Amino acid sequence: MLQSKLIGETYKEWPNEATLKSHGLLIKGGYIRQVGAGLYTLLPLAKKVEEKIRNIIREEMNLIDAQEILMPLVGTKKLWDMSGRYDSIGNEMVRFKDRSKADMVLSMTHEEPVVLMAMSEAQSYQKYPFSVYQIQTKFRDEARSRGGLIRTREFTMKDAYSFHTTKESLEETYKTYFDAYHRIFKKAGVPEVIAVKSDSGMMGGDVAHEYMLLCDAGEDKIITCESCDYSANMEIATYGNLKVETEKIEDLKLVETPSMKTIDDVCKFLNTEKSRMIKAVVYTRQDDYKPVVVYIRADRDVNETKLTNLIKADVEPRKEKDTDNIVYGFVGPYNFEGNDATIVIDKSLENEASLITGANILDKHYTGLNMKRDVKNAVYVDVAKVVEKDICPVCGKSSIRISNGIEVGNIFQLGTKYTKAMGMTYLDESSTPNNPIMGCYGIGVGRLIASVLEAKATNKAVNWPITIAPFDVHICPIDYSKNGEIYTKANDLYKVLKAKGLDVLLDDRNKQPGAKFADADLVGAPIRLVISPRNLESELLEVKVTGNDKAELIKESEVIDFIENARKKLLKECGC
RNA sequence: CGGGGUGUAGCGCAACUGGUAGCGCGCGUGGUUUGGGACCAUGAGGUUGCAGGUUCAAGUCCUGUCACUCCGACCA
């Protein structure tokens with residue numbers, strides 16, 4: 001490719017809407033242009049990167065015998081009614097009518113169409129297990145797209161689906177995807193992506209992992225342990241048992257706490273630590289709108305995802321209601337009489353004693369509460385947010401860390417949620433119909449592009465891994481248009497390298513060296529070849545390989561070999 | 001969906017108490033120049049987001065509306 005013909009202008013200034021490194025570089029470097037909120041055109045450079053990522057994914061999917069298919073982006077209401085998701089999914093799914101007034105959707109994921117496909121194509125147990133995948137455009141009307149390619153509304157996604165007759169078979173396939181995903185991220189140049197346990201959300205199913213790239217730009221909170229390999233999304237992370245205060249047993253005592261509704265007020269007033277207090281958080285169930293009261297140690301916060309999963313209903317913070325019979329501000333587990341409330345007691349209170357708690361009487365608290373003695377039949381569950389330095393649930397050490405992470409992929413063991421809902425069966429050996437067990441597996445291709453930049457780029461240079469770089473080699477001749485010798489050398493090398501099958505970009509523009517180098521940093525080819533009058537006198541060429549601090553001067557006669565070897569070495573580092 | 005911000009040339013921005021739109025970069029042409037974003041000359045490029053209104057006169061004031069963006073909620 002001749003750079004003079006490359007579509008995609010580079011900017012000298014940092015785009016002001018970009019706060020993320022990847023976002024700014026993609027615009028500055030002429031990779032993407034915005035069309036609307038969460039909508040981007042991929043210019044040639046970005047498209048080349050995307051294509052290389054697609055090919056890595058395709059290669060690995062084929063390797064584990066997943067078969068490529070392509071399902072339509074548009075779905076019918078009828079199909080989505082089969083699973084019930086036409087109604088259960090919110091505004092993220094675009095609904096519209098076709099010319100004959102039939103209700104249609106833009107599929108944001110493809111469980112429904114893939115089950116429909118399997119209905120007709122996989123009726124006998126003999127086909128099972130099998131996997132299909134597609135690399136396709138998705139549209140999700142995100143409430144808030146952001147960060148360039150980090151979160152868009154329209155994006156390319158690889159989604160795979162596996163079908164099984166036994167749970168063991170699903171687990172086996174799940175493991176092959178688990179490993180394939182690690183290979184994909186390694187090949188894409190981000191081996192540091194980790195798999196963490198995650199919430200399955202509306203997808204249903206039991207086991208799920210997210211593949212996370214830990215970096216500041218990430219939107220998810222990821223829990224990792226510094227002492228062992230425990231990791232999980234904040235949404236579902238748990239922690240080990242806390243140390244219980246072993247003070248002497250106190251008697252329960254009613255104390256006056258006039259107008260003290262907040263934890264801080266009471267803490268100050270009674271001169272105690274937050275950890276000695278019980279916090280009562282009141283929510284409203286979104287299914288029957290009855291209250292949910294969560295008791296938790298006051299130095300902890302409620303993890304609403306864990307709570308939602310536990311009580312199997314969405315929750316919203318409850319506004320004070322006269323009809324509730326709840327003494328807001330003075331709620332506690334002793335002598336509580338809330339009407340119809342779901343009571344949830346966090347395990348941070350288990351075996352605790354000498355606690356201060358609301359007395360369910362206006363302006364009064366109890367001190368000396370002993371959970372075992374005073375709260376009969378309590379069931380302790382885990383609904384607390386994990387905090388920094390928390391106790392690891394696996395190794396028991398106080399070594400929990402919280403980081404931000406970008407979710408670049410996920411894998412779910414779905415079970416029979418969709419096959420059951422849609423009434424899909426296969427016949428087993430005894431001619432009995434059964435619902436197949438499913439898994440599903442996604443990778444966000446565009447998001448991966450941005451993630452690689454978050455991991456590898458500086459504010460000036462993108463530094464692509466060779467496996468996904470838009471070009472392998474960037475030839476930057478100085479004084480190309482006037483110096484005949486430079487011109488000839490550059491063109492010769494360009495031809496030879498191209499003939500060797502390398503992706504080569506030749507900067508044939510009449511620009512100052514500084515401008516060329518600045519643009520070369522934005523193209524980010526892992527091998528840069530500079531041809532200059534200065535070095536040509538001694539028949540030397542300058543080669544800069546990504547990852548090396550300095551450029552090397554190579555004899556002209558050896559430069560091709562040098563480049564080929566450098567490329568092989570870089571590929572090997574990516575596991576290719 | 002809640003809160004903040006911004007809409008003027010491809011990009012970054014300016015234009016005071018209203019007076020009829022300008023600068024830098026980039027782009028075209030001619031020339032000089034060539035190791036970290038060169039220089040001279042010359043030129044093209046705008047219904048100031050949109051719609052109303054006030055006024056002799058609106059980028060500027062008023063009303064409405066749309067879009068984009070940041071923070072939060074949400075996120076198959």
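Residues numbered from 1 in each chain as written. Chains lettered and ligands numbered in written order. Predicted model: local features only at pLDDT ≥ 70, side-chain atom pairs only at ≥ 80, totals over all residues. Heavy atoms only, no water.

Below, the discussion takes up the overall build of chain A. Along the backbone of chain A there are 15 helices and 29 strands. When the backbone C-alpha atoms are referred to their principal axes, chain A occupies close to 95 × 65 × 45 Å. Evaluated residue by residue, chain A yields a buried proportion of 51% over its 576 residues. Excluding contacts between residues fewer than 6 apart, the proportion of contacts in chain A whose partners are at least 24 apart in sequence is 69%. If you sum the accessible surface of chain A, you get close to 27,200 Å²; carbon and sulfur atoms cover 49% of it. The distance from the centre of the 80 positive side-chain charges to the centre of the 86 negative ones in chain A is 3 Å. (Helix = DSSP H or I, 4+ residues; strand = E, 2+ residues; numbered from the N terminus. Buried < 20%, exposed > 50% of the residue type's maximum accessible area, 1.4 Å probe, protein only. Contact = heavy atoms within 4.5 Å. Areas by Shrake-Rupley, 256 points an atom, 1.4 Å probe, with all protein chains shown as cover. Lys, Arg positive; Asp, Glu negative; His and termini not counted. Charge placed at Lys NZ, Arg CZ, Asp CG, Glu CD.)

What follows is about unusual backbone geometry. With an omega of -10 degrees, the peptide bond between tyrosine 128 and proline 129 qualifies as cis. Along the chain, proline 129 turns up in the loop between helix 5 (111-121) and strand 7 (130-139). Its identity as a non-glycine residue notwithstanding, asparagine 271 has a phi of 55 degrees, on the positive side. Mapping asparagine 271 onto the fold places it in the loop between helix 7 (263-270) and strand 14 (278-285). The backbone phi angle of asparagine 351 is positive, close to 65 degrees, even though this residue is not glycine. By the element assignment, asparagine 351 lies in the loop between strand 17 (342-346) and strand 18 (355-361).

Here cysteine 576 lies in the segment after helix 15 (559-573). With residues up to four places along the chain from it excluded, the contact list for cysteine 576 reads Lys187, Thr467 and Leu571.

Okay, the sheet that holds strand 15 (residues 291-297) next. Spatial ordering of the open sheet is given by 16-14-15-17-20, a layout of 5 strands whose pairing is mixed. At either margin of the open sheet sits one strand with a lone partner, and together these are strand 16 (315-317) and strand 20 (380-381). As defined by bridge partners, strand 15 adjoins strand 17 across 4 bridges and the pair is classed as parallel. Looking at strand 17, one finds that valine 293 is bridged to isoleucine 343. Sitting on the sheet, helix 8 (residues 304-311) is in contact with strand 14, strand 15, strand 16, strand 17 and strand 20, with an inclination near 130 degrees to strand 17. (Pairing = 2+ DSSP bridges. Axes fitted to C-alpha atoms, helices over the stretch in contact; angles between N-to-C directions.)

Here we come to the packing of aromatic side chains. Evaluated as defined, the whole model comprises 14 aromatic pairs. Between the aromatic rings of tyrosine 480 and tyrosine 487, the centroid separation amounts to 4.9 Å while the plane-to-plane angle is 40 degrees, which identifies the pairing as tilted. For tyrosine 487, a relative accessible area of 42% puts it in the partly exposed group. Linked through ring pairs, Tyr174, Tyr177, Phe178, Tyr181, Phe185, Tyr211 and Tyr441 together constitute an aromatic cluster. Above the ring of tyrosine 239, the side-chain terminus of lysine 347 is found at 4.8 Å from the ring centroid. (Phe/Tyr/Trp six-rings, centres within 6.5 Å; stacked < 30°, edge-to-face > 60°. Lys NZ or Arg CZ within 6 Å of the ring centre and 35° of its normal.)

Further remarks concern the nonpolar core. Counting 59 residues, the largest nonpolar core has Met61, Tyr181, Phe185 and Trp464 as the members making the most contacts within it. With residues up to four places along the chain from it excluded, the contact list for methionine 61 reads Ala66, Tyr133, Lys158, Ala160, Tyr177, Tyr181 and Ile184. Tyr418, Met422, Met424 and Cys440 belong to the second-largest nonpolar core, a separate cluster that totals 26 residues. (Core = buried A, V, L, I, M, F, W, Y, C linked by side-chain atoms within 4.5 Å.)

To continue, consider the pairing of strand 28 (residues 540-545). Of all 6 residues in strand 28, 5 are buried; the element is thus mostly enclosed. Pairing analysis gives 4 bridges linking strand 27 (residues 527-531) to strand 28, with the strands arranged antiparallel. Across the sheet, valine 530 pairs through a bridge with glutamate 542, a residue of strand 28. Relative to strand 29 (residues 552-555), strand 28 runs antiparallel, the two being bridged by 4 bridges. What sits directly across from valine 543, in strand 29, is glutamate 552. In sequence, strand 28 turns back onto strand 29 through a hairpin of 6 residues, with glycine 547 there showing a positive phi of about 95 degrees.

All right, on to helix 11 (residues 445-456) then. The end-to-end C-alpha separation of helix 11 is 17 Å, in line with the 16 Å expected for 12 residues at 1.5 Å each. Summarising burial for helix 11: 9 of the 12 residues are buried, a large majority. Every buried residue of helix 11 is accounted for by Val445, Gly446, Leu448, Ile449, Ala450, Ser451, Val452, Leu453 and Glu454. (Expected span 1.5 Å × (residues − 1).)

Turning our eyes to something else, we now look at the sheet that holds strand 27. Read across the sheet, 5 strands follow the order 26-25-27-28-29 without closing on themselves; strand pairing throughout is mixed. Bordering the open sheet on either side are strand 26 (504-506) and strand 29, each of which pairs with just one other strand. With direction set aside, neighbouring strand axes in the sheet form an average angle of 25 degrees. When strand 25 (residues 473-477) meets strand 27, the two strands line up parallel, connected through 5 bridges. Bridge pairing links proline 477 to isoleucine 531 in strand 27. In the packing of helix 12 (residues 484-499) onto the sheet, contacts are made with strand 25, strand 26, strand 27 and strand 28, and the angle to strand 25 comes to roughly 170 degrees.

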